[in-house]
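Summary of structural features
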Amino acid sequence: MSDAAYTADEMMTIQAARMIRNGVTLFVGIGLPSAAANLARLTHAPDTVLIYESGTIGAKPTVLPLSIGDGELSETADAVVSIPEIFSYWLQGGRIGLGFLGAAQIDKFANINSTVIGDYNKPKVRLPGSGGAQEIAGFCAEVMITLRHNNRAFVKKLDFLTSGGYFEGGDSRQKLGLPGKGPTNVITDLGILTPDPVTKELTLTSLHPGVTVEQVVAATGWPLKVAAKLDSTAAPTSAELSVLRDLNERTARAHAGQA
Amino acid sequence: MTPDLIYDQLIGAGCVKKIIFSWGGNPGVGSLHRLRDAVENGWPHPIEIEEHAHAGMAAAYSAGAANLPFGLLRGYIGTDLVKYNQRIKFINCPFTGVKLAAIPAHRPDVTIIHAQKADRKGNVLMWGVVGVQKEAVLAAKRAIVTVEEIVDDLNAPPNSVVLPSWVLSAVCEVKGGAFPSYAQGYYQRDNAFYKAWDVVARDRETFKAWIDRHVLGTKDFAEFKRSIASFNNEGATSHV
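These notes cover the structure that comes with them.

Rules and cut-offs
- Residue indices follow the written sequence of each chain, beginning from 1 at its first position.
- Going through the entries in the order they are written, you letter the chains from A and number the ligands from 1.
- Only residues with pLDDT of at least 70 are given local features in this predicted model, and only at 80 or more are side-chain atom pairs given and counted; all residues enter the totals for whole chains, interfaces and linings.
- The basis for every side-chain value is the complete set of non-hydrogen atoms in the structure, without hydrogens or water.
- Only heavy atoms enter the contact rule, under which two residues are in contact if any of them lie within 4.5 Å.
- Summed over both partners, buried area is the accessible surface (1.4 Å probe) that two parts give up on being assembled.
- Salt bridges are defined as contacts in which a side-chain nitrogen from Lys or Arg sits within 4 Å of a carboxyl oxygen from Asp or Glu.
- Note on terminology: a nonpolar core comprises buried Ala, Val, Leu, Ile, Met, Phe, Trp, Tyr and Cys residues joined through side-chain atoms within 4.5 Å.
- Here's how the labels work: a residue is buried when its accessible area is under 20% of the maximum for its type, exposed when over 50%, partly exposed in between, all with a 1.4 Å probe on protein chains only.
- For the purposes of this entry, the term helix denotes a DSSP run of H or I that reaches at least four residues, the term strand denotes a run of E that reaches at least two, and both are numbered from the N terminus.
- One bridge is not enough; two strands pair if DSSP finds at least two bridges between them.
- Comment: axis = line fitted to C-alpha atoms, over the contacting stretch for helices; angle = value between 0 and 180 degrees taken between N-to-C directions.
- Using protein atoms alone on a 1 Å grid, points that fit a 1.4 Å probe yet trap it form a cavity, whereas open point sets bounded by protein on both sides within 12 Å along at least five of seven lines form a pocket; residues with an atom within 4 Å of a point count as lining.
- Grid points are joined across faces, edges and corners, and a volume is the space filled by probe spheres set on the points.
- With respect to orientation, any angle under 35 degrees is reported as roughly parallel, any angle over 145 as roughly antiparallel, any angle of 65 to 115 as roughly perpendicular, and every other angle as oblique.

Here we come to the interface of chain B and chain A. Listed as interface residues are 44 residues of chain B and, on the opposing side, 41 residues of chain A. Counting the surface lost from both chain B and chain A, the interface buries some 3,600 Å², and carbon and sulfur atoms represent 59% of this. The largest contributions to the chain B side of the interface with chain A come from Tyr84(B), Val129(B) and Tyr182(B), which together make up 16% of the buried area. Counting across the interface, chain B meets chain A through one salt bridge.

Rendered as structure tokens:
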């Protein structure tokens, strides 16, 4: 434990990193997932196999990549394969243990939207779209999602279902024939949500230090289920904070140099 | 698949009628603002979009390269893309009955890619993150490759990605041709430019001034690169 000062984003990244098991094959998106995955690799999970959708398998970047095409990924990878190959042989082939995604919106069955805010044909905000997210959500053995917790993100109804979690809840995911188990953890800057074993509805199961249940309920756009026995997330240790901050500083320095 | 800044420039300049894509952002920075302005507000004119996920695009290029009518994959099931893209259909496997997604093959009129090296006969070698470049070339009616350098001997190890000259229409030596993106073994991404582009593309007038000065106002790629060097030194907005 540590009494060091930290931000809510650091808490989120560190908690997400802790949930990565050493040795897992991990399909990871750029941004928050990439930061957490690399933090895990630099701390308790050195044998994690990082896979980016550009086809880099076993990437070991020393700084966070700018994009999936970053030479830092291909130069440090065990293997670099083409895009058709990474999606067909590796992801669809069922070889990936954990997928790690961000999102703009999430609903109570952990379906996510990264496509549009508003109507698809006349969007208020056009977001980048699926990329590989939809297949990552479908075909990894298990999925983890990380995003900031607020009413705009945690919505009653998605504007667009980009990537499926548990669809309508219950056994609807299995009925659609998707092989992966689906999202097992949603890590936010306020706490951790996990799906109910039967209904698959996201339930608040852990609170980050200093956060109240009322705060999380207020930041969620549907009546949030709260676990009877609520865990407390451990605060970031000074070791975790120092590795994360070093990584971020190293990254900022490296990228500033590329002018 | 992933329209980068060059697509944003083409869209903002009014050169694009339709875009087929699976991820449209400024990688690691944020939005492609010209793409957003076209989709959200129809500026400079409305564009048609045909949207996929990466695996669907990859399957469609592979099908094009293989002269198959459609690409086949598990995927898209239960998602909203299927409601808006009529070119995503489902079929049942004739052997097992399993439901699979089918996407018409991509057959571009022209594919343009950038690679590292060509030899004097026009055989092209590329390595690193090769993406769907090989499939996009073989799926196209014509393909143009720009390379960092033309050499006497490719020295390509077996199993390297080599595109033989006879599947290509033209090979051109354009040093720095991946700008502002990466060319592995030659240069890193110009990250300052990606960040500056966010500022330039956010505003229609700033964008127009940029494209007039650096693209329409220069006669070739070499002059464009010199013009851009001064842009980078001045910072994102000081020229408008």
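There is more to say after this.
With that settled, the discussion passes to the nonpolar core. Counting 55 residues, the largest nonpolar core has Phe27(A), Leu91(A), Ile106(A), Ile145(A), Phe154(A), Val186(A) and Tyr76(B) as its most contacted members. If you list the elements that add at least two residues to this core, you get α4 (83–92), α5 (133–139), β10 (142–146) and β13 (202–207) of chain A together with α3 (54–65) and β7 (99–104) of chain B. Here this core gets six residues from one element, more than from any other, and that element is α3(B). If sequence neighbours within four positions are ignored, Val186(A) has contacts with Ile106(A), Ile145(A), Leu147(A), Phe154(A), Gly191(A), Ile192(A), Leu193(A) and Leu202(A). If you look at the next biggest cluster of nonpolar residues, it comprises 24 residues, including Ala17(A), Ile20(A), Val28(A) and Ala37(A).

All names here are of chain A. With mixed pairing, 10 strands are arranged side by side in an open sheet as β4-β3-β2-β1-β5-β10-β11-β12-β13-β14. Every interior strand has two partners, whereas the edge strands, β4 (79–80) and β14 (225–232), have only one. Inspection of the sheet shows β10 paired to strand β11 (residues 183–187) by four bridges, in the parallel sense. Residue pairing for β11: Met-144 is matched across the bridge by Asn-185. Across the face of the sheet, helix α1 (residues 8–18) comes into contact with β5 (98–101), β10, β11 and β12 (191–195) while running at roughly 155° to β11. Relative to strand β2 (residues 49–52), helix α2 (residues 32–42) is tilted by about 160°, and along the sheet it contacts β1 (25–28), β2, β3 (56–59), β5 and β10.

The next point concerns unusual backbone geometry. Residue and element names in this part refer to chain B. Of note, the bond from Trp-43 into Pro-44 is cis; its omega dihedral lies within 30 degrees of zero at 0°. Its place among the elements puts Pro-44 in the loop between α2 (33–41) and β4 (48–51). Residue Pro-180 is reached from Phe-179 by a cis peptide bond, and omega for that bond is 0°. Here Pro-180 shows up in the loop between β12 (170–173) and α6 (191–202). Of note in this structure, Asn-67 is not a glycine but carries a positive phi near 55°. Structurally, Asn-67 can be placed in the loop between α3 and β5 (70–73). Overall, the relative accessible area of 58% leaves Asn-67 in the exposed class.

Structurally, Gly93(A) is set in the loop between α4 and β5. Remark: the alpha-carbon pair of Gly93(A) and Leu32(A), spanning 61 residues in sequence, is separated by 26 Å.

Under the counting rule described, the total for this entry stands at one cavity of 30 Å³ or more. Quantified by volume, the largest cavity comes out at close to 60 Å³. Gln134(A), Glu135(A), Gly138(A), Phe139(A), Gly164(A), Phe167(A), Leu178(A), Gly75(B), Tyr76(B), Ile77(B) and Thr79(B) are the residues that line the largest cavity.

Here we come to the packing of α1(A) against helix α8 (residues 238–256) of chain A. All names here are of chain A. At a minimum axis distance of 11 Å, the contact between α1 and α8 shows a crossing angle of 105°. Comparing their axes, α8 and α1 come out roughly perpendicular. Judged by residue contacts, Glu-10, Thr-13, Ile-14 and Arg-18 of α1 engage Glu-240, Leu-241, Leu-244 and Arg-245 from α8.

Next up on the list: the sheet that holds β12(B). Residue and element names in this part refer to chain B. Strand order in this open sheet of five strands is β11-β9-β8-β10-β12, and the pairing throughout is mixed. Sheet topology places β11 (161–163) and β12 at the edges, where each strand pairs with a single neighbour. Pairs of neighbouring strands in the sheet enclose a mean axial angle of 45°, with direction left out of account. Of the strand pairs in this sheet, strand β9 (residues 124–126) and β11 are connected by three bridges, and their pairing is antiparallel. Each bridged residue has a counterpart across the sheet, and for Met-126 the counterpart in β11 is Val-161.

Read these as layout, nothing more, since geometry by itself doesn't imply function.
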